[in-house]
Amino acid sequence: MLNIMDLVKIKWLDAMSDDNTWQELSELRQQQLRPVETVGWILTDFGGKIVTISSYDEESKTGGGGAVIPTNCITEIQYLEGGRIEQYENGKPTVARGL
């Protein structure tokens, strides 16, 4: 399943809320959107949103670490491919290779 989904790093602006305390209105007016980075596989890109997952269980066909990101909040998408692959045995790397 993951081989048909794009692995990406998405930079986006997230809404911020106060910490539920009383604050001066002048302080509240100065709050900014918070830059965030999400890494995961794109599950869907439709209807003004991108849904990503950061984990996938092949056996049960379930995903975890989901994020729903409004497309109008996205500032950049970096498509990740290739890279270094390490194989492990007994908790230690045995083979490392680049693609």
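Residues numbered from 1 in each chain as written. Predicted model: local features only at pLDDT ≥ 70, side-chain atom pairs only at ≥ 80, totals over all residues. Heavy atoms only, no water.

Peer 1: Explain the overall build of the protein chain here, please?
Peer 2: Looking only at helices and strands, one finds one helix and nine strands in the protein chain. Written out in order from the N terminus, the α and β elements of the protein chain read β-α-β-β-β-β-β-β-β-β. Evaluated residue by residue, the protein chain yields a buried proportion of 15% over its 99 residues. In the form shown here, the protein chain has an accessible surface area of approximately 7800 Å², with 50% of it arising from carbon and sulfur atoms. (Helix = DSSP H or I, 4+ residues; strand = E, 2+ residues; numbered from the N terminus. Buried < 20%, exposed > 50% of the residue type's maximum accessible area, 1.4 Å probe, protein only. Areas by Shrake-Rupley, 256 points an atom, 1.4 Å probe, with all protein chains shown as cover.)

Peer 1: Sorry, what's going on with the pairing of strand E3 (residues 49-53) here?
Peer 2: Side chains on a regular strand alternate between the two faces of the sheet. Summarising burial for E3: four of the five residues are buried, a large majority. Strand direction decides the pairing type here: strand E2 (residues 34-46) and E3, joined by five bridges, are antiparallel. Note on E3: the bridge partner recorded for Asp45 is Ile50. Where E2 folds back on E3, the antiparallel hairpin that results is connected by two residues, among which Gly47 adopts a positive phi of roughly 65°. As defined by bridge partners, E3 adjoins strand E6 (residues 67-70) across four bridges and the pair is classed as antiparallel. Bridging from a neighbouring strand, Ile50 pairs with Ile69 of E6. (Pairing = 2+ DSSP bridges.)

Peer 1: Got a minute to help me understand the sheet that holds E2 in this structure?
Peer 2: The strands that make up a sheet pair up through hydrogen bonds in the backbone, lying either parallel or antiparallel. Ordered in space as E6-E3-E2-E1-E7, the five strands form an open sheet in which the pairing is antiparallel. Two strands lie at the open edges of the sheet, namely E6 and strand E7 (74-79), each paired on one side alone. Put simply, the sheet's adjacent strands are angled 45° from each other on average, direction ignored. (Axes fitted to C-alpha atoms, helices over the stretch in contact; angles between N-to-C directions.)

Peer 1: Mind showing me how you'd approach the nonpolar core here?
Peer 2: Generally speaking, a soluble globular protein has its nonpolar side chains buried in company with each other. One finds Val8, Ile10, Trp12, Ile42, Ile50, Ala67 and Ile69 forming the largest nonpolar core, which totals seven residues. Put simply, the parts of the chain that give this core at least two residues each are strand E1 (7-14) and E6. Per-element accounting of this core gives the leading share, three residues, to E1. (Core = buried A, V, L, I, M, F, W, Y, C linked by side-chain atoms within 4.5 Å.)

Peer 1: Looking at this model, I keep getting lost on the pattern of salt bridges. Mind explaining?
Peer 2: Two side chains with opposite charge may pair up if their charged atoms get near one another. Under the defined criterion, the tally for this structure stands at three salt bridges. Lys9 serves as the salt-bridge partner of Glu37, at 3.7 Å between the closest nitrogen and oxygen. Of this pair, Glu37 sits in strand E2 while Lys9 sits in strand E1, placing them 28 residues apart in sequence. With relative accessibility at 48%, the residue Glu37 sits in the partly exposed group. For Lys9, a relative accessible area of 22% gives the class partly exposed. We note a salt bridge from Glu58 to Lys61, for which the minimum N-O separation is 2.6 Å. (Salt bridge = Lys/Arg side-chain N within 4 Å of Asp/Glu carboxyl O.)

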